Amino acid sequence: MKQPPGDGERQRAGGRGSGFVLGLQCIHCQATFPLEPMHEGCPACATDRFRASLSPTYDYRLLAEHVARQGITSDAGIGVWRYRSLLPTATDGAGEISLGEGHTPLVPVPELAGELGLTRLWVKNEAQNPTASFKDRNAAITVAKALEFGATTIIASTSANHGLAVAAYCARADVDCVILTYPGIPDNVRSLMHACGARVIVTEREARLDRLREAVADNGWYPATNMTRLPTNNAYGHEGYKTISYEMFEQLGGEVPDIVAVPTGFGEGIFGIWKGFRELVELKLANRVPRMLACEPLGGPLTLAVDHGDRHLVDVGPRSTIARGIAVTVNTYMGVVAVTRSNGGVASASDPEIVHAQHDLAACGLLAEPASAVGLAGLRTVARRDRLDGAQTAVVIATSSALKSTPTETAAA
Ligand SMILES: [Zn+2]
């Protein structure tokens, strides 16, 4: 594998990355690969029933020396790029795409802590990102990497939030954008995608993956979202979610919460947040990672996958839930890794429980859409079963705003 340039010798590497990033590594078999697009996860351990994601790996020894001298933030960067030395892109600032994502507030909610038996509880309000969801952190990295790879058109298959984030960051980068979405997408979200200059194509769920794969194969477009039947996700986008952990760590004055509850679909968010904390340990800034609690709508695949033990993907088929944005049919190995390696867990929440959580967050002034409220609902599920195991502090990630929801969903709050 190519050795990274030394500290102070950074350069733009035309798609190869630079700085402290070494390459891509399989999150299951640890096989390593160059910093290429790698749209389909790890080829080394893929089978008909299993496929693992790839994730950037870094020279943590050099990075620790750098952080010891300069800290984890860069004064020159904005948005996720404040942490540019920990990201998989060129570190000279060239090619960074930002709309000022991140820097979201960590809101204490003592009124919700007591019922859970927690000393302290916070909500990390990701609704305050540029397009009102945490997907902006992902899109910033993904679009920057796509440009490094020379992409001229970026395509995404999405139910709403991810697509709007990709559309906005493509607009910012002045690159063509195509969004494949579902028939029931809220009109306001579709209008905003159009306003950003994206071409929006409405298809049924079953056809979306085929359309995306054809576009990538035939046109050479860069996929910002998952493109494998056993989902593996983009190899770089989840790195944006690491910045949620770095921010929390700073906002808590160097404290690590006992539990972090994350609404989970394809698991990019919870994996990225777990990886961010793990890196803080690697860099000797923190002494532990929080227990990661993956929260999914009732009947979700990750609950079954983790119950079956490691290296398992489960297909539960389509199901109806108010939390449409995270109603995946198949789990990812990313979710399994985040939960099992942090000694965490998976929690399910029913639609009434999600609506209840949405209502209680709104009563605190926090406007979460149903998929976003699943974090609090899931944490409550675990607390009810007396499985907080002595946890005193927790952070709930509120991933997205209610303001983009359909009228029905919004009325629930
Ligand atoms: Zn592998």
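These figures come from a predicted structure and were not determined experimentally.

Now for the overall build of the protein. Scanning the protein from terminus to terminus reveals 13 helices and 13 strands. In terms of overall dimensions, the protein has C-alpha extents of about 50 × 50 × 40 Å along its principal axes. Going through the 413 residues of the protein one by one, you find that 62% of them count as buried. In the protein, 70% of the contacts between residues at least 6 apart in sequence involve partners at least 24 apart. Accessible surface, the protein: about 15200 Å² in total, of which carbon and sulfur atoms supply 48%.

Now for the state of the cysteines. Enumeration according to the criterion identifies zero disulfides in this entry. Here C177 stays unpaired: no disulfide links it, and the sulfur of C170, its closest cysteine neighbor, is 4.0 Å away. Given the relative accessible area of 6%, C177 is considered buried. Here C364 stays free of any disulfide, with the sulfur of C295 as its closest cysteine sulfur at 17 Å.

Another aspect to go through is the layout of surface pockets. One number sums up the size of the second largest pocket: a volume of about 270 Å³. Lining the second largest pocket are 17 residues, and of these L293, G344, G345, V346 and R387 sit closest to its centre. Where the lining of the second largest pocket is concerned, the elements lending two or more residues are strand 11 (291-297), helix 9 (301-307) and strand 12 (345-349). For the lining of the second largest pocket, the leading source of residues is strand 12, giving four residues.

What follows concerns the coordination of the zinc ion. Six octahedral donors around a metal ideally subtend angles of 90 or 180 degrees, whereas four tetrahedral donors ideally subtend 109.5 degrees. Within the protein, the atoms that donate to the zinc ion are C26 (SG), C29 (SG), C42 (SG) and C45 (SG), at distances of 2.2 to 2.3 Å. Seen from the zinc ion, its four donor atoms lie at angles of 102 to 118°, and the figure they make is tetrahedral. Taken in chain order, the donor set of the zinc ion reads C-x2-C-x12-C-x2-C. Here C26, found in strand 1 (residues 21-26), pairs with C42, found in the loop between strand 2 (32-33) and strand 3 (54-58); they are 16 residues apart in sequence, far enough to count as distant. By relative accessible area, C26 is classed as buried at 1%.

Analysis parameters
Residues numbered from 1 in each chain as written. Predicted model: local features only at pLDDT ≥ 70, side-chain atom pairs only at ≥ 80, totals over all residues. Heavy atoms only, no water. Helix = DSSP H or I, 4+ residues; strand = E, 2+ residues; numbered from the N terminus. Buried < 20%, exposed > 50% of the residue type's maximum accessible area, 1.4 Å probe, protein only. Contact = heavy atoms within 4.5 Å. Areas by Shrake-Rupley, 256 points an atom, 1.4 Å probe, with all protein chains shown as cover. Disulfide = S-S within 2.5 Å. 1 Å grid on protein atoms, 1.4 Å probe; cavity = no way out; pocket = protein on both sides within 12 Å on 5 of 7 lines; lining within 4 Å. Points joined across faces, edges and corners; volume = space filled by probe spheres on them. Donors = N, O, S within 2.8 Å, 3.2 Å for Na, K, Ca; no water. Tetrahedral: all angles 85-135°; square planar, octahedral: opposite > 155°, others 65-115°.

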